[in-house]
Amino acid sequence: MAEQPLLQATKVTKTFPGVLALDGVDFDLSPGEVHVLLGENGAGKSTLMKVLAGAYQPDAGAISLNGHPVRLASPRQAQKHGVGIIYQEFNLVPYMNVAQNIFLGRFPHRFGLLDQARMHSESRKLLDGLNMDIDSRAKVVSLGVAQQQMVEVAKALSVDSRILIMDEPTAALTDREIEQLFAAIHRLKQRGIGIIYISHRLQEVHQIGDRVTVLRDGKYIGTRQVGQVTVDELIAMMVGRTITHMFPRDYQPRGAEAVRVEGLASGSRLRGVSLALHSGEIVGLAGLVGAGRTELARAIYGADPYETGRVTVFGRPVKAASPDKMVQLGMGLLPEDRKTQGLAMILSLSENIVLASLRRLFPRRFVDAGKEREVVAEYIRDLRIATPSPKRLVQFLSGGTQQKVVLAKWLCTHSKIFIFDEPTRGIDVGAKAEIHGFMNELVKQGAAVLMISSDLPEILGMSDRIYVMRQGLIVAEVDREQATQERIVAYAMGHEVER
Amino acid sequence: MSATVIGQDIRGGKKPQASWKKMPPVAWVVLAMMIFFGVAAPGFFSAGNFLNITLQGSVLLIMAVAATLVILTEGIDLSLGSVLTLAGVTGVLALQHGLSVPAAVLVGVLTGAACGAVTGFLITAGKLPPFIATLGMMGIAAGLALVLTRQGAIYSDVPAFIFLGGGSLGILPMPTVIAVLVFLLGWIVLYQTDFGRYIIAIGGNEAGARLSGVNTAWWKFLTYVAAGALAALGGVIMAARLRAADPIVGNGWEFDAIAATILGGTSFEKGNGTLGGTVLGVLLISVLRNGLNVIGVGAMWQPALIGLVIIAAIIFDVLLKQRGVIQ
């Protein structure tokens, strides 16, 4: 490369407890270039982005800007070095106006008072430069998503950012707004600003990108000129995660229909979803983060209301669904986030296990401590829960053990239908295989399991059938025999599959 | 996350602690105060004075049990004091209208339960923050009490009613007996029934409890009803002690009840705490009041001193926790 790169990251490594999030990743960015960062959920895109923005400190590796090695110890320092970042969740104050948001924390002063005139004139200049017709006196809360995003861009430019990191900037935009965004990006390119563009939408790579880098499992896979790579080649780079430690499934003919979902719709997150789940099968629900899988699970479970559609459990239509009611019908949900939704961290293992079954265990309302001890001991033994005592608070247990406690809670209710939302996320390999073993055992005993997972090998290894969701819709149903990582990713990312 | 796993995260257990370390700090404060008052005033350590302390602390204990139940759900009830007032008023009015003593007590308690039902409904069905809903009820109940009494105390000297406040069972004053029964009942409900489990689970993780199929709205509603009923019982006993219902008698009681709960180690966050701790909190406030009387500190100075002790006790607690001396 003839030009001095704006940014050069070499061998960046970052670990979190139990996880190697970035493993010696290289990345560089030239002036006036859009460099797309591509990868599956959990590939390391966000981590790399946060390292470059100073939000995370890498364990190893070097970053240089304009050829000078730098240490970005904080987001503020990264900002001083000209690195601006626009997160998916905007950092704007809704009830302040546009100019105040742009200059938040760096208000210009005159005679000890806020220099409103200067704030507004400079904001105008920045927004004009983006060709955006936004009133600098408007309150941010009154703006649309695309306009708020442009305020974020203007805010980044107001500190002379030469590098702009955009995290899925089109995720919440309409087609028209995306056009506007791309036009603004072109203007930024002309000014020599380099843009790191993180996206899940494959078609955008060719629409806006100059180069594309693919990450997988925290590893650098490769960088290509956009003109010289096809979408299929990119998919091949993204998948191909090796399947290891997978529990061998016992497949059997499926039983009666346990759950039927027809035309479930709720705003833009769920746009008419239908599916069926039978006893004795594990149905995988694949898709990207934000495709609406968790929303679907919560709607089926009655945790969130839906506008139209129908849920039938064991042949009976459910009216006025609530988790309370679904539990009585024999359903259990193991939520995505154990810590905030699955468990009460300050309560003991024992209290958590029996919480959903008090009605069944103690119909006369008095909690019999002896019986509770017995029941809990049974699950501690059966699920091989590693704990010094049933009175141990769950916050002191490891992630894998916590997930077993959540599972025990639902086994204790004698549930017949299980919805697992990311059952093994953040869990070590050993516990993961154990959880898979328990799931296999459950369906052998006739339970019906719906499993949401962003882990493709898990989806492929555990499911009888796979539904793929994208943008609030089920876009494909794939049988176990026909499922490949490439096919699922292609469906999930909206790429046409010819097969 | 789906990246390579490089190590297993097994957090070891804590070492078992010496039993004295498990004693809540407020117990030390109570102990220190008792020693201080015992040395400063010879009359402090007498059976009569101790019975006096339990008598004076009885209504506070009932109120604090109510406050604890609510705070354990991560809620708050600012209306407890006003409900105490209002229930005393309706109870005495019922007596004045010729109802029997049990019926009048029931009228009082139901008044409180109704207030609790209204706030509980506003909080669960109306999704109002507990602070707002109970602040509103605080005003409504206090206002109703003023209206019903035409702003003056109303009296009753029905012997069976007076016995509730001034009588005794053996050597134990009736209010003490009732307060102990209320505490036992509260303890059984909290630790031996599913209702108690749900209260604790809602405080620990309301979203999680709901996803576990717990009808969180219903149990929260019931908690406010129970708290209202308990505060009302406190009001009836207070009226029986004074032989009158005073329209402003309960002003500020909600803060004493909340203070006793907090001193007893119950936290506003996640409703982490115990009913046993609350008894210690009540004891602290009661011993302090009694001790100040015994050593002759005027009533004028007492609220300020009690406020200081509360702040000191909480700081003591926080410091010990930060240093890791206690859990």
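Up top is the structure these notes are about.
Report on the accompanying structure. (Residues numbered from 1 in each chain as written. Chains lettered and ligands numbered in written order. Predicted model: local features only at pLDDT ≥ 70, side-chain atom pairs only at ≥ 80, totals over all residues.)

## Digging into the nonpolar core
Side chains of a nonpolar character, in soluble globular proteins, are inclined to be buried together. Core analysis: the biggest nonpolar cluster contains 252 residues, and Val449 and Ile488 of chain A together with Met63, Ala66 and Leu284 of chain B have the highest contact counts within it. Looking at which element gives the most residues to this core, the answer is helix α11 (residues 216-242) of chain B, with 16 residues. When near neighbours in sequence (up to four residues on either side) are disregarded, Met63 of chain B contacts Leu80, Leu84, Ala231, Gly234, Trp253, Asp256 and Ala257 of chain B. (Core = buried A, V, L, I, M, F, W, Y, C linked by C-beta atoms within 7 Å. Buried ≥ 20, exposed ≤ 12 C-beta atoms within 10 Å, placed from the backbone. Helix = DSSP H or I, 4+ residues; strand = E, 2+ residues; numbered from the N terminus. Contact = placed C-beta atoms within 7 Å.)

## Overview of helix α14 (residues 369-382) of chain A
Residue and element names in this part refer to chain A. Between its first and last C-alpha, α14 extends 20 Å over 14 residues, near the 20 Å set by a 1.5 Å rise per residue. Taken residue by residue, α14 has Glu372, Val376, Tyr379 and Ile380 as its buried positions. Down the axis, α14 shows its buried residues gathered within 100° of arc, on one side only. Exposed and oriented more than 90 degrees from the buried face of α14 are Gly370, Lys371, Glu374, Ala377 and Arg381. Following α14 by one or two positions, Arg384 has its phi on the positive side, about 50°. (Expected span 1.5 Å × (residues − 1). Arc of directions from axis to C-beta.)

## With respect to the pairing of strand β2 (residues 19-29) of chain A
Residues and elements named next belong to chain A. Among the eleven residues of β2, eight are classified as buried, and the element is accordingly described as predominantly covered. Pairing of strand β1 (residues 7-16) with β2 involves seven bridges; the strand directions are antiparallel. For Leu7, the partnering residue across the bridge sits in β2 and is Leu29. (Pairing = 2+ DSSP bridges.)

## As for helix α8 (residues 174-192) of chain B
Residue and element names in this part refer to chain B. Across its 19 residues, α8 extends 26 Å between first and last C-alpha, which sits within 8% of the 27 Å expected from 1.5 Å per residue. Here α8 has its buried residues at Met174, Pro175, Thr176, Ile178, Ala179, Val182, Phe183 and Gly186. On its buried face, α8 sits against α3 (47-72), α7 (159-166), β2 (168-169), β3 (172-173), α11 and α13 (275-294).

## Points about the packing of α13 of chain B against helix α14 (residues 302-322) of chain B
All names here are of chain B. Between α13 and α14, whose axes approach to 11 Å, the crossing angle comes to 140°. Comparing the axis directions of α13 and α14 gives the class oblique. When you trace α13 past α14, the crossing you get is right-handed. Two secondary-structure elements touch here, α13 through Leu284, Ile285, Leu288, Arg289 and Leu292 and α14 through Gln302, Leu305, Ile306, Val309 and Ala313. (Axes fitted to C-alpha atoms, helices over the stretch in contact; angles between N-to-C directions. Parallel < 35°, antiparallel > 145°, perpendicular 65-115°, else oblique. Left-handed = near helix turned anticlockwise from the far one by under 90°.)

## Considerations on the interface of chain B and chain A
Where the parts come together, the accessible area they lose is often given as the size of the interface. Opposite the 31 residues of chain B that make contact, chain A presents 44 residues. Breaking the side of chain B that touches chain A down by element, the ones donating at least two residues are α9 (194-204) and α10 (206-211) of chain B. Of the residues assigned to the side of chain B that touches chain A, the class counts are eleven nonpolar, 14 polar and six charged. (Nonpolar A, V, L, I, M, F, W, Y, C, P; charged D, E, K, R; others polar.)

## Notes on unusual backbone geometry
In this structure, Asn66 of chain A is a non-glycine residue whose phi angle is positive, near 50°. Its location among the elements puts Asn66 of chain A in the loop between β4 (60-65) and β5 (68-70). Overall, the presence of 15 C-beta atoms within 10 Å leaves Asn66 of chain A in the partly exposed class. Even without glycine at this site, Glu74 of chain B takes up a positive phi of about 70°. Relative to the helices and strands, Glu74 of chain B resides in the loop between α3 and α4 (80-96).

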